[in-house]
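Overview (structure and organization)
Chain residues, written in single-letter form:
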Amino acid sequence: MLAHFTWIAEECPDAVLITNADGVIEYVNPAFEALTGYSRLEALGRTPAMLKSGTHDAEFYRQIWSDILQGRGFRGVFFNRRKNGELFHEEEIIQPVRGADGHITHFICAGRDVTERMQQVEQLKHAATHDSLTDLPNRALFLDRIDQAARQAARREEGFTVALLDLDQFRETNNRFGHLAGDAVLQAVARRTKSSIREVDTVARIGGDEFGLILAGISERAAAQAVLDKVLAANAVPVRFEDCLIQVTVSIGASMYPADGRSEEQLRKRADAAMYAAKRAGGNCCRLFGETRSRAGGTKVKP
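Throughout what follows, the structure given in this document is the object of discussion. Fair warning: this is a prediction, and the values are worked out from it, not measured in the lab.

Definitions and cut-offs
- Residues numbered from 1 in each chain as written.
- Predicted model: local features only at pLDDT ≥ 70, side-chain atom pairs only at ≥ 80, totals over all residues.
- Heavy atoms only, no water.
- Salt bridge = Lys/Arg side-chain N within 4 Å of Asp/Glu carboxyl O.
- Helix = DSSP H or I, 4+ residues; strand = E, 2+ residues; numbered from the N terminus.
- Buried < 20%, exposed > 50% of the residue type's maximum accessible area, 1.4 Å probe, protein only.
- Expected span 1.5 Å × (residues − 1).
- Arc of directions from axis to C-beta.
- Contact = heavy atoms within 4.5 Å.
- Phe/Tyr/Trp six-rings, centres within 6.5 Å; stacked < 30°, edge-to-face > 60°.
- Pairing = 2+ DSSP bridges.
- Axes fitted to C-alpha atoms, helices over the stretch in contact; angles between N-to-C directions.
- Parallel < 35°, antiparallel > 145°, perpendicular 65-115°, else oblique.
- Nonpolar A, V, L, I, M, F, W, Y, C, P; charged D, E, K, R; others polar.

Side note on the pattern of salt bridges
Under the counting rule described, the total for this entry stands at 17 salt bridges. One salt bridge in this structure joins Glu 86 and Arg 82, with 3.0 Å as the shortest N-O distance. Here Arg 205 and Asp 131 are joined by a salt bridge, their closest N and O atoms 3.2 Å apart. Taken as a pair, Arg 205 in strand β7 (residues 202-205) and Asp 131 in the loop between α5 (115-129) and α6 (139-156) lie far apart in primary sequence, 74 residues in all. With respect to class, Arg 205 is no different from Asp 131; both count as buried. When salt bridges that share partners are traced, they join Arg 75, Glu 91 and Arg 117 into one network.

Structural data, given as structure tokens:
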């Protein structure tokens, strides 16, 4: 039966390999050679592990072996590596073959390159969760990350800070310099804010000229204030657009988990209230929820 199958597989456009019951390769077709870069002679006697990219963990492979050794077929996508080191996504079907006595004697695997399709899926996922102008996480992803941060903080008994940042007099900037200049300002604020925080933190664009921040592991007011002062200073530098220097300042409000709230809604609303307190104070400053309008409540940065 296998001899007849390999005769058909020679002309199959999908990459086909056959292993014995121990997973040792006994046959590959020309499409396999073309897809992986390994010749038939190089593949025979080895195992499909030669294609591992290191992306999947041991549990992923253990589960596959558990299924196919019990006679169940497998269908899924592997992130594999070609002989030349290039990574690719391969959609594979693995089917056990039983002998006359009912025992598994071989495994037949057929695969095809789905890299382009997976890239398109990832692009669609990214577009659904990121802002097109700044490439920052959007509002939906920001709110989801607050929820995640709250759950993680509860488990670890630690805190974090949620901050909302709003550009001062952004409508006047658009009216005076035009919407392209306004876009350039938003992109500059995105870059500057992101460069002012750590990799583990989050900055998102959650509205027209409003940004959100999550400062992981920071629940002390002094520590949060220090980071947000840095964000204020970074954004007080004028933005150059064509022949113009556009003055930019921001107002920031922040709340802390767990002192100011434990839910996404509580933290966001209280950060929003603090941000409007910063606006009422004249902008270009930061306010922490629940604090007075004194120096402890925020810093004003000179443009």
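What follows continues from the structure just given.
Some words on helix α10 (residues 264-280)
Counted at 1.5 Å a residue, the expected span for α10 with its 17 residues is 24 Å, and the 24 Å between its end C-alpha atoms agrees. The set of residues buried in α10 consists of Glu 264, Leu 267, Ala 271, Ala 274, Met 275, Ala 277 and Ala 278. Taken around the axis of α10, the buried residues stretch over an arc of 160°, which confines them to a single face. Buried residues along α10 sit in contact with α6, β6 (160-167), β8 (210-216), β11 (250-257) and β12 (286-288).

Things to note about the packing of aromatic side chains
In this structure the tally under the stated criterion is six aromatic pairs. Consider the rings of Phe 60 and Tyr 61, whose centres lie 5.3 Å apart with planes at 85°: the pair is edge-to-face. When its relative accessible area of 16% is taken as the criterion, Tyr 61 is described as buried. Geometrically, the ring pair formed by Trp 65 and Phe 107 is edge-to-face, given 5.7 Å between the ring centres and 90° between the ring planes. Here the residue Trp 65 occupies a position in helix α4 (residues 58-69), and Phe 107 occupies one in strand β5 (residues 104-113), the gap between them amounting to 42 residues. For Phe 107, a relative accessible area of 3% corresponds to the buried category. Taken together, the ring pairs connect Phe 60, Tyr 61, Phe 74 and Phe 78 into an aromatic cluster.

Some words on the sheet that holds β7
Judged by pairing direction, the sheet is mixed, and its five strands sit side by side in the order β7-β8-β6-β11-β12 without closing on themselves. The outermost strands of the open sheet, each flanked by one partner alone, are β7 and β12. If you compare each strand with its neighbour and ignore which way they point, the axes differ by 20° on average. The pairing of β7 with β8 spans four bridges and is antiparallel. If you follow Val 203 over to β8, its bridge partner there is Leu 213. Each of β6, β7 and β8 touches helix α8 (residues 179-196); the most contacted strand, β6, lies at about 155° to it. Sheet contacts for helix α9 (residues 221-235): β6, β8, β11 and β12; angle to β11, the most-contacted strand, approximately 160°.

Considering the environment of Ser 195
Mapped onto the elements of the fold, Ser 195 is located in helix α8. With a relative accessible area of 57%, Ser 195 lands in the exposed category. Ser 195 sits 39 residues away from Ala 234 along the chain, and the two C-alpha atoms are 8.8 Å apart.

Things to note about the packing of helix α7 (residues 170-177) against α8
Here α7 crosses α8 at 135°, and the two axes come no closer than 7 Å. As judged from the angle between their axes, α7 and α8 are oblique. Contacts from Phe 170, Thr 173, Asn 174 and Phe 177 of α7 reach α8 at His 179, Ala 181, Gly 182, Val 185 and Leu 186. Broken down by class, the residue content of the contact of α7 with α8 amounts to five nonpolar, four polar and no charged.

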